[in-house]
Amino acid sequence: MINRRKMLMGTAAGMGAALGGPLVPNRVQAAAARPGTPRRVIFFLQNQGFDPATCIPQGLDHDASLSGITLPEPVQALEPYKDKMTIINGLHGRHTSPSHSAFFGALGGYRGGIGIPPSGATIDHELSQLLPETILPHLCIGMDALENMISRPTLATLSAAGPGKPLFMHSNPNDLYQMIFGGIATGDVKQRFEARSRVFNRVEQLAGQHGRSLPQGDRERYGSYVDGFREINGLRERLAGVSDHLKKFAPEYGDKFLKPEFETDWHDSLLDVGIATLKAGLTNVLTIGSGRGEIFGAWKGLGIAQAGHNLGHMDQPDNPIWIKIRQYNCQMLVKLMKELESVPEGDGTMMDNTLIVYTSNNANKQHTNGDNWPFILLGNCAGRLKTGQFIQMNDKRPINALYTTLLHAVGDTRDRFNMNKNTAGVHDTKVGPIEEIMA
């Protein structure tokens, strides 16, 4: 049986890691970025693979404009946004060992797998350290079957701050809402927020005192838990300092949070909280893991009875089940874009300074070797990237090359991302970003 001490220590480790790194004091976000400066990136990963036939118009096998071309049924919801879209086919991730999932390797561009810790920072976290500073630089949310989200409300499989430093996804929207908006809530949510704050403050004090008497090795390990509580408490204090600002953006807290009929009620609620943090300027990178980087997941709210690993063994093209799942993803992407388009920023809107990256955590299919890893990009990242095009990569370039391109788009001009010269000699034919994408 897990006692309360172990539970609190686990909470601190998980919640602290979920915060995405050091918190920025006394501000919602840094001073306004210059016009034409990227400000935020959103990653959306659907598990079980992303078959290119579900997003590439039939017969299109060469670079082309998307103007005048009709998108396939699974991604039809994105049709009005073709001028803001780039579809990329032909990148590979063979070196990530994706199979059921590349786990941290999907966003890290290195070898992943079940039980393999991250060997470096993932691209989402790396970007969060380069974009304008915010209170919560990186937020990760994970969507799964309802029973999984209840039993494991935090899980780390996709994002990392560095070698051996996984970042946790939030999967219980009630916990996430309480963490971010509990200070401005009323009723039971407010009471739980205040009670937990008192407990965490006291635990941080006691933990810091007792840790001094431990041996050096245990003291360092114990210190990680103390740091976790310190980060949680620090976040609460900083959010309290901008409570009037937060009131403008808090999502409606109702039955979808409290009485979910299907897991999709919680999926929608998590998305609403994620959108609210973006619009409030609390975070500059949002990572969404539909299926949480594993082989599970359920979508009963869409009328789909099948769940979990079985979905990965179904052909995706022309499959009514996968059409529903992909359409649901695209509806979420459209909601993200519309919400960001509704908020003025600089000479345009928030969406004008945003990039959305849609892909899978295991390339093109379940049990893949990673030889083809499709991506959809939405938005031009404040004019740094070309849009309205389909790109067929015929040379041997890895997903790391795309991540290098994203780094260049935010001003980091390194030659490679998470790939040394020797590894690149085997898996990459060029150095630097993908030129066809850069504006």
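Residues numbered from 1 in each chain as written. Predicted model: local features only at pLDDT ≥ 70, side-chain atom pairs only at ≥ 80, totals over all residues. Heavy atoms only, no water.

### Considerations on the overall build of the protein chain
Piece 1. A tally of helices and strands in the protein chain yields 14 helices and 12 strands.
Piece 2. Looking at the protein chain as a whole, 58% of its 439 residues are labelled buried.
Piece 3. Contacts in the protein chain between residues far apart in sequence, at least 24 positions, make up 76% of those at least 6 positions apart.
Piece 4. About 17,900 Å² of surface is accessible on the protein chain, with carbon and sulfur atoms providing 50% of the total. (Helix = DSSP H or I, 4+ residues; strand = E, 2+ residues; numbered from the N terminus. Buried < 20%, exposed > 50% of the residue type's maximum accessible area, 1.4 Å probe, protein only. Contact = heavy atoms within 4.5 Å. Areas by Shrake-Rupley, 256 points an atom, 1.4 Å probe, with all protein chains shown as cover.)

### As for helix H10 (residues 263–279)
Piece 1. Taking 1.5 Å of rise per residue, the 17 residues of H10 would be expected to cover 24 Å, and the 25 Å separating its terminal C-alpha atoms lies within 8% of that figure.
Piece 2. The element H10 is extensively covered by neighbouring structure, given that 15 of its 17 residues are classed as buried. (Expected span 1.5 Å × (residues − 1).)

### With respect to the pattern of salt bridges
A side chain of one charge can pair with a side chain of the opposite charge if their charged atoms are brought near each other.
Piece 1. Counted by the stated rule, this structure contains 14 salt bridges.
Piece 2. A salt bridge links Glu-345 to Arg-39; the shortest N-O distance between them is 3.4 Å. Highlighted residues: Glu-345 in strand E8 (residues 344–345) and Arg-39 in the loop between helix H1 (4–18) and strand E1 (40–46), separated in sequence by 306 residues. Each member of the pair, Glu-345 as well as Arg-39, carries the same accessibility label: buried.
Piece 3. Across the pair Arg-152 and Glu-294 runs a salt bridge, and its minimum N-O distance is 3.0 Å. You can see Arg-152 sitting in the loop between helix H4 (146–151) and strand E5 (154–162) and its partner Glu-294 sitting in the loop between strand E7 (285–290) and helix H11 (309–312), a full 142 residues away along the chain.
Piece 4. For Arg-152, a relative accessible area of 30% puts it in the partly exposed group.
Piece 5. What you see here is one network of salt bridges that share partners, running through Arg-39, Arg-40 and Glu-345. (Salt bridge = Lys/Arg side-chain N within 4 Å of Asp/Glu carboxyl O.)

### Some thoughts on the pairing of strand E6 (residues 165–170)
Consecutive residues of a regular strand have side chains that alternate between opposite faces of the sheet.
Piece 1. With 5 bridges joining them, E5 and E6 adopt antiparallel strand pairing. Bridge assignment links Leu-155 to a residue of E6, and that residue is Met-169.
Piece 2. Between E5 and the antiparallel strand that follows it, E6, lie 2 residues; Gly-164 among them carries a positive phi value of about 65°. (Pairing = 2+ DSSP bridges.)

### A few points about the packing of helix H5 (residues 173–181) against H10
Piece 1. Across the interface, H5 lies against H10 with an axial gap of 9 Å and an inter-helix angle of 20°. Of the possible angle classes, the one that applies to H5 and H10 is roughly parallel. Read as a crossing pair, H5 and H10 show a hand that is left-handed. Residues Pro-173, Asn-174, Leu-176, Tyr-177, Ile-180 and Phe-181 of H5 pack against Trp-266, Ser-269, Leu-270, Val-273, Ala-276 and Thr-277 of H10.
Piece 2. Tallied by class, residues from the contact of H5 with H10 come to 9 nonpolar, 3 polar and no charged. (Axes fitted to C-alpha atoms, helices over the stretch in contact; angles between N-to-C directions. Parallel < 35°, antiparallel > 145°, perpendicular 65-115°, else oblique. Left-handed = near helix turned anticlockwise from the far one by under 90°. Nonpolar A, V, L, I, M, F, W, Y, C, P; charged D, E, K, R; others polar.)

### Points about the nonpolar core
Piece 1. Counting residues in hydrophobic clusters, the biggest one holds 65 residues, and the most contacted among them are Leu-78, Ile-87, Leu-336 and Ile-376.
Piece 2. Looking at which element gives the most residues to this core, the answer is helix H12 (residues 320–341), with 11 residues.
Piece 3. For Leu-78, the residues in contact, after removing those within four places along its chain, are Leu-71, Met-85, Cys-330, Leu-333, Val-334, Met-337, Ile-376 and Leu-378.
Piece 4. In terms of nonpolar packing, the next biggest core, distinct from the first, is built from 36 residues, Leu-45, Leu-158, Val-357 and Ile-391 among them. (Core = buried A, V, L, I, M, F, W, Y, C linked by side-chain atoms within 4.5 Å.)

### A few points about the environment of Leu-385
Piece 1. Along the chain, Leu-385 falls in the loop between strand E11 (375–378) and strand E12 (389–392).
Piece 2. Assessed through its relative accessible area of 4%, Leu-385 is described here as buried.
Piece 3. Taking the C-alpha atoms as reference, Leu-385 lies 4.7 Å from Met-438; in sequence the two are 53 residues apart.
Piece 4. Not counting residues within four places of it along the chain, the set of residues in contact with Leu-385 comprises Leu-355, Leu-377, Asn-380, Thr-405, Leu-406, Ala-409, Ile-437, Met-438 and Ala-439.

### Notes on the confidence of the model for the protein chain
Piece 1. For the protein chain, the mean per-residue pLDDT works out to 86, and 80% of the residues sit at or above 70.
Piece 2. Segment residues 1–15: pLDDT under 50, and 21 contacts once partners within four positions in sequence are set aside and those in other chains are kept.
Piece 3. Note on residues 22–33: pLDDT under 50 across the span, and 28 contacts to partners over four residues away in sequence or across chains. (pLDDT = per-residue confidence, 0-100.)

### Some remarks on H5
Piece 1. For H5, the buried fraction is high: 8 of the 9 residues fall into the buried class.
Piece 2. Where H5 starts, the residue carrying a side-chain oxygen 2.9 Å from the main-chain nitrogen of Asn-174 turns out to be Asn-172. (Polar contact = N/O pair within 3.5 Å; in protein donor to acceptor, adjacent residues only side chain to side chain.)

### A word on the packing of aromatic side chains
Piece 1. Applying the stated rule across the entire model yields 8 aromatic pairs.
Piece 2. Aromatic pair Tyr-253 and Phe-257: ring centres 4.8 Å apart, planes at 45°, arrangement tilted.
Piece 3. Residue class for Tyr-253 comes out partly exposed when judged on its relative accessible area of 21%.
Piece 4. Taken together, the ring pairs in this structure connect Tyr-177, Phe-181, Tyr-253 and Phe-257 into an aromatic cluster. (Phe/Tyr/Trp six-rings, centres within 6.5 Å; stacked < 30°, edge-to-face > 60°.)

### Side note on the pairing of E1
Piece 1. Within E1, 7 of the 7 residues are buried, which leaves it mostly tucked inside the rest of the structure.
Piece 2. Taking every second residue as pointing to the same face, both faces of E1 are buried, with Arg-40, Ile-42, Phe-44 and Gln-46 on one and Val-41, Phe-43 and Leu-45 on the other.

### Quick word on the packing of H10 against H12
Piece 1. Between H10 and H12, the least distance of the axes is 11 Å, while the angle of their chain directions is 25°. One element, H10, and the other, H12, form an angle in the roughly parallel class. The handedness of the crossing between H10 and H12 is right-handed. Every residue of H12 that contacts H10 at Thr-264, His-267, Asp-268, Leu-271, Asp-272, Ile-275, Leu-278 and Lys-279 is listed here: Tyr-328, Met-332, Lys-335, Leu-336, Glu-339 and Leu-340.

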